[in-house]
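Chains, contacts and geometry: an overview
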Amino acid sequence: MRFAVISTSLNPKSRSRVLAKEAALLLEKRSGEVDLIDLATFPLPLCDGGKCYGDPHVSELKSQLARADGILMSCPIYNYDISAAGKNLIELTGRDVWTDKVAGFLCAAGGKGSYMSLMGVMGSLMLDFHTTILPRFVYTTGADFEDGALESAEVKQRLNLVVDELARYTEKLRG
Ligand SMILES: Cc1cc2nc3c(=O)[nH]c(=O)nc-3n(C[C@H](O)[C@H](O)[C@H](O)COP(=O)(O)O)c2cc1C
């Protein structure tokens, strides 16, 4: 099985990037084949529904994601949703990437109250592309990190569980 982990925060001090990196390490230990994609260093156009689909970076991103059996998206929570960069990635990649795949989510929020913010993106992938959505995700706040590192033992355990479940669901669907 091949996995892609996408870090969608453009903030250099991003906490969701820390989650993405840790998840990629865990998946590597488990499966050995993981592409870690960081949108902060991957120049992408904004989706205009036309010309953007001919952009060479979009083609490169699509082929990297298309070869993954399972995808883990790590997202900052902005305005009770994923960020515009994450939404843009989905608009640019579409059904060739997301159909018949398993997708899981990790997120970094400012506070506890936004814990349902991933429901919109999960529902849209499910309805639009029939993506199999992993029914567990990792939700973190600033209190789970110290000096830029993930400190919460509870979140570490949850991250392990989500990675294990991603691998298990992906093997069932694509194996
Ligand atoms: C524009 C903007 C909107 C935000 N909206 C929310 C929000 O709705 N709920 C929340 O809990 N945190 C919100 N936050 C806080 C971020 O989720 C938090 O800073 C998180 O660490 C961002 O992820 P990152 O560190 O990976 O960039 C917002 C931050 C910004 C900059």
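Before any of the text, the structure's been laid out above.
Residues numbered from 1 in each chain as written. Predicted model: local features only at pLDDT ≥ 70, side-chain atom pairs only at ≥ 80, totals over all residues.

A word on the overall build of the protein chain. Each helix and strand counted, the protein chain has 6 helices and 8 strands in total. In sequence order, the protein chain lays out its α and β elements as β-α-β-α-β-β-α-α-β-α-β-β-β-α. Relative to its length of 175 residues, the protein chain is compact, with a C-alpha radius of gyration of 15 Å against a globular reference of 16 Å. Residue burial in the protein chain is summarised as follows: out of 175 residues, 39% are buried. (Helix = DSSP H or I, 4+ residues; strand = E, 2+ residues; numbered from the N terminus. Rg over C-alpha atoms; globule rule 2.2 N^0.38 Å. Buried ≥ 20, exposed ≤ 12 C-beta atoms within 10 Å, placed from the backbone.)

Let's shift gears to the nonpolar core. If you look at the biggest cluster of nonpolar residues, it comprises 48 residues, and the most contacted ones within it are Val5, Ala23, Leu106 and Cys107. Looking at this core element by element, the count peaks at 7 residues for helix 1 (residues 15–31). Filtering out sequence-adjacent residues up to four positions away, Val5 remains in contact with Ala20, Ala23, Ala24, Leu27, Val34, Leu36, Leu72 and Ser74. (Core = buried A, V, L, I, M, F, W, Y, C linked by C-beta atoms within 7 Å. Contact = placed C-beta atoms within 7 Å.)

Ser14, Ser16, Pro76, Ala109 and Gly110 are the nearest of the 16 residues found near the ligand. Listing elements by their share of the shell around the ligand, those giving two or more residues are helix 1 and strand 3 (70–78). Class assignment for the residues of the shell around the ligand results in 6 nonpolar, 8 polar and 2 charged. (Near = placed C-beta within 6 Å. Nonpolar A, V, L, I, M, F, W, Y, C, P; charged D, E, K, R; others polar.)

So, on to the environment of Val18. Among the structural elements, Val18 can be located in helix 1. Once the C-alpha coordinates of Val18 and Tyr115 are considered, the two residues, 97 residues apart in sequence, prove to be 19 Å apart. Setting aside residues up to four positions removed in sequence, Val18 forms contacts with Phe145, Gly148, Ala149 and Leu150.

Take the pairing of strand 3 next. In summary, the side chains of a regular strand alternate between the two faces of the sheet. The element strand 3 is extensively covered by neighbouring structure, given that 8 of its 9 residues are classed as buried. Two elements, strand 1 (residues 3–7) and strand 3, share 5 bridges in a ladder whose sense is parallel. Considered in strand 3, the bridge of Val5 is made with Leu72. Taken together, the 7 bridges between strand 3 and strand 5 (residues 102–108) define a ladder with parallel strand orientation. Bridge pairing in strand 5 places Met73 opposite Phe105. Pairing of strand 3 with strand 4 (residues 81–82), which is carried by 2 bridges, proceeds in the antiparallel orientation. Note that in strand 4 the partner of Tyr78 across the bridge is Asp81. With antiparallel pairing between neighbouring strands as the criterion, strand 3 and strand 4 make up a hairpin whose turn holds 2 residues, including Asn79 at a positive phi of roughly 50°. (Pairing = 2+ DSSP bridges.)

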